[in-house]
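Listed here are the chains, written in short residue letters.
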Amino acid sequence: MWALAALVAVTVLLGLAGVWTIRRSFPQYGGEATLPGLGAQVTVHHDASGVPHVYAETEGDLFRAQGYLHAQERFWEMDFRRHVTSGRLSELFGAGQVETDTYLRTLGWRRVAEREWSLIAVQSRAYLQAYADGVNAWLDQHGGGDPGGDVSLEYAVLGLQNRGYRIERWDPVDSLAWLKAMAWDLRGNMVDEAERAILLGRGLSREQVEQLYPPYPYRTHRPVVAGGDVATGAFVASTAGTGGGVPVATLDALRDDLAALPALLGRAGHDIGSNSWVLAGSRTATGKPLLANDPHLAPSMPGIWFQVGLHCACGYEVTGFSFSGVPGAVIGHNARIAWGFTNLGPDVTDLYLEKVEGDRVRVDGGWQNLDRRQETIRVAGGDPVTVTVRTSRNGPLLSDASEELRDAGGGYAVALRWTALDPGRTIDALFALNRARDWTSFRAAAALFEVPAQNIVYADVDGNIGYQAPGRIPVRGAGDGRWPAPGWDSAYAWRSFIAFDELPSVFNPPEGYVVAANQAVTGPGYRHLLTDDWSYGYRSERIHQMLTEAGAGITTGEVQRMQADSHNGLAATLVPVLLRASLSGTARQAQDLLRDWNFQQPAGDRGDRGEARSSAAAAYFNAVWRALLRRTFDELPDGHAPDGGDRWWEVMRGLVTNPSSPWWDDRRTPVVETADQVVAAAMAEAAEELADRLGDDLSRWRWGDLHTLTPRNQTFGESGIAPIEWLFNGRGAGVSGGSSIVNATGWDASVGYEVDWVPSMRMIVDMSDLDESRWIQLTGNSGHAFADHYDDQFEKWRTGQTVPMRWDRATIEREAADSLTLVP
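Residues numbered from 1 in each chain as written. Predicted model: local features only at pLDDT ≥ 70, side-chain atom pairs only at ≥ 80, totals over all residues. Heavy atoms only, no water.

Summed over the entire model, instances satisfying the criterion amount to one disulfide. Put simply, C312 and C314 are joined by a disulfide, and their sulfur atoms are 2.1 Å apart. With the S-S dihedral at roughly 125 degrees, the linkage between C312 and C314 falls on the right-handed side. (Disulfide = S-S within 2.5 Å.)

In structure tokens form, the structure reads like this:
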């Protein structure tokens with residue numbers, strides 16, 4: 001019935017009134033608009049990509065205008081996000097979201113954000129309030145709480161199934177709560193922690209599990225800071241828990257349920273991360289630093305970022321990437337410094353197994369009462385649902401969020417200890433970064449940045465470069481965070497947090513550059529435990545290689561080409577093995593594609609013959625990789641197949657030197673297979689797959705025909721109703737790159753070849769002339785389907801191009817496509 005209604009709705013929307021229905025919520029870029037509460041006129045220049053540059057007299061006016069502009073471009077996205085962070089999706093979409101809301105209420109993101117309000121600086125509260133006032137002013141001008149098409153097309157579609165929904169006014173705490181969602185998606189090794197215990201409980205030995213989580217290869221993949229330890233209370237740079245005790249079904253189901261929560265930034269895994277590097281003037285053509293950054297997050301429509309320039313006569317000036325719903329810029333530059341983020345990925349979550357009896361838990365030799373609270377979930381089209389949230393001293397009982405898990409616990413529960421559930425001041429850090437003027441004030445800002453812990457690279461106009469690891473990172477008693485811990489034993493409790501001055505940092509390193517791409521941050525001699533679950537450093541090492549080959553005199557254009565590099569770091573290890581295989585037929589012909597392959601993975605749609613051959617080889621190599629994983633790791637239980645990321649690259653790097661390893665044997669057959677047999681079978685299987693999917697002419701195989709990206713709206717774009725999805729989703733296209741590659745268009749080998757995370761934006765800041773900086777984002781700045789700037793950056797992004805990231809007012813005014821005046 002809903003699908004039929006959707007089809008009728010699309011027919012109406014695209015009928016005689018279709019243009020008006022769709023366009024009436026589009027943003028205003030030119031002319032004049034009233035923004036109550038302004039102290040003076042504000043001017044907004046929009047460039048050819050719809051990026052607004054805001055010029056205001058005071059900080060209050062600046063953030064009021066930013067709230068207004070975010071709302072006119074992205075309010076549906078903002079409204080959806082605050083329903084996620086407060087566990088209120090059922091109010092939008094009905095009873096199907098009650099379990100999701102129960103988990104989100106159990107985590108309590110919104111409650112933590114409310115507690116943060118009184119902790120943050122008075123100035124930050126003023127900025128957040130001004131921003132909220134701007135959002136609400138726009139809402140008042142567009143129907144108030146009436147969620148019609150005046151706000152966005154999504155509300156018109158929502159009204160087909162939820163006519164009673166009313167939009168609430170924006171609250172400053174809504175902005176704080178969004179930072180909790182960001183922290184959740186970048187939370188570290190919680191999935192790995194559960195996965196190890198599940199595999200152990202599903203029949204693998206401890207030794208086998210450890211083989212699937214190999215140690216970081218320090219010898220071949222350099223950490224961010226090559227050496228260093230803590231001395232006299234400051235970082236100085238140099239030139240076991242338990243896997244048993246609870247039914248495994250509980251951890252398994254919990255893992256799956258948490259994976260189903262809305263991933264606003266991306267699915268968990270070693271490959272969700274980012275690239276960043278900063279070059280000193282000794283390495284650049286201009287003699288001043290270049291800073292590059294591209295965070296890898298889930299693809300979405302619209303993209304996660306909103307580009308903006310904020311210019312205040314009071315001195316608050318910044319251009320960069322913002323989140324709709326949050327004032328200021330998250331990543332970017334001001335007149336003096338530039339900064340970029342990659343995920344540090346420290347272990348800031350621990351799962352605790354709790355012995356539960358009624359409403360109390362075991363603590364050492366006694367019992368302790370659980371804290372209890374009730375939450376009421378309002379449900380569109382249904383009755384309210386009341387849930388009970390219980391919390392131990394270690395954190396909320398996640399296993400309470402599902403009736404199935406409560407019944408399966410057998411006297412045990414699973415609690416989550418996570419740094420983001422403690423109130424913090426990360427919003428203060430963002431505003432302080434925007435205002436920082438030098439290395440000292442930059443580090444002071446970083447000291448406030450608690451969750452999610454990030455690698456931050458730095459450059460300034462004076463020629464300095466640096467790196468700082470901030471964040472609230474626990475110091476544990478017993479245990480190392482790699483396995484669920486016994487909550488009844490106080491020895492496993494967190495003791496404290498690593499002092500900021502003892503976190504890794506480097507300023508003006510002698511190498512003349514810093515690379516931070518989710519690899520290990522320090523060498524093994526560092527005394528504090530950050531994590532043992534790093535990304536394995538294949539991207540970072542490729543960046544090191546490219547920088548070494550480039551030498552000195554590096555230009556912005558060269559950095560842009562490096563960001564789009566699609567070199568596969570596994571190929572050098574695996575291709576020699578594949579070339580030794582004895583094959584016949586199509587597989588033998590496909591094997592020849594690999595003989596002179598340059599290990600690049602282009603989409604192959606540009607008509608270049610050399611690129612076409614590389615693309616054909618990449619298609620075959622990745623099909624072989626997928627088949628090889630499936631055949632080699634048949635021991636793994638259902639639902640736990642390898643995703644093919646860089647952890648599996650490192651596992652396979654060890655296996656190819658050990659052809660007698662039991663992993664090579666296919667347990668489904670009565671014989672014991674050898675490594676050569678498994679490799680040959682995988683190659684034959686891959687050749688058959690590609691011949692079936694791409695045709696018998698191997699020269700026409702293209703990686704981009706397998707490795708496709710369709711930016712999807714996070715709500716209606718995944719509805720399963722084709723007419724509705726057509727309204728909101730971007731067009732699909734083949735892309736270059738792959739998992740654990742600098743051009744990190746990731747894919748999950750257990751699912752298929754489709755892209756599931758991307759460089760969400762790319763930025764290159766030129767400290768010699770900020771006006772010559774470059775940037776791009778995945779789709780476009782607007783959140784309105786069919787608007788000019790909904791997807792106008794996608795093709796440039798797909799092909800590794802960028803657009804100007806202007807700074808000088810004269811240039812901005814000269815190139816402005818439209819100018820909007822906001823008046824009190």
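If you look at the biggest cluster of nonpolar residues, it comprises 227 residues, and the most contacted ones within it are F75, L212, Y467, Y620, W625, F633 and L822. Element by element, the count of residues in this core is highest for helix α20 (residues 609–632), at twelve residues. The contacts of W625, once residues within four sequence positions are left out, are L570, L574, G644, W648, W649, M652 and W747. Counting 15 residues, the second-largest nonpolar core is a separate cluster that includes W277, L290, Y513 and A517. (Core = buried A, V, L, I, M, F, W, Y, C linked by side-chain atoms within 4.5 Å. Buried < 20%, exposed > 50% of the residue type's maximum accessible area, 1.4 Å probe, protein only. Helix = DSSP H or I, 4+ residues; strand = E, 2+ residues; numbered from the N terminus. Contact = heavy atoms within 4.5 Å.)

If you walk through the whole model with that rule in mind, you get 38 aromatic pairs. A centroid spacing of 5.9 Å and a plane angle of 50 degrees characterise the contact between W109 and W184, whose relative ring orientation is tilted. Here the residue W109 occupies a position in helix α6 (residues 109–116), and W184 occupies one in helix α9 (residues 172–185), the gap between them amounting to 75 residues. Like W109, the residue W184 is buried in the burial classification. Taken together, a centroid distance of 5.0 Å and an interplanar angle of 75 degrees make the contact between Y538 and W649 edge-to-face. Taken together, the residues span a long stretch of sequence, with Y538 in helix α16 (residues 538–550) and W649 in helix α21 (residues 646–655) at a distance of 111 residues. Exposure remark for Y538: the relative accessible area of 10% places this residue in the buried category. Sitting above the plane of the Y753 ring, R626 keeps its charged end 5.2 Å from the centroid. (Phe/Tyr/Trp six-rings, centres within 6.5 Å; stacked < 30°, edge-to-face > 60°. Lys NZ or Arg CZ within 6 Å of the ring centre and 35° of its normal.)

Moving on, we come to the confidence of the model for the protein chain. Of the residues in the protein chain, 93% have a pLDDT of 70 or more, and the chain-wide mean is 93. Confidence drops under pLDDT 50 across residues 238–244; counting only partners more than four residues distant or on other chains, this segment forms 19 contacts. (pLDDT = per-residue confidence, 0-100.)

Below, the discussion takes up helix α10 (residues 190–201). End to end, α10 covers 17 Å across twelve residues, agreeing with the expected 16 Å (1.5 Å per residue, within 8%). Of all the twelve residues making up α10, nine are buried; the element is thus mostly covered by neighbouring parts of the structure. When we look at burial in α10, the residues that qualify are M190, D192, E193, A194, E195, R196, A197, I198 and L199. Looking at the buried positions of α10, the neighbouring elements they touch are α9, α11 (206–211), α12 (248–259), β12 (349–357) and β18 (412–418). (Expected span 1.5 Å × (residues − 1).)

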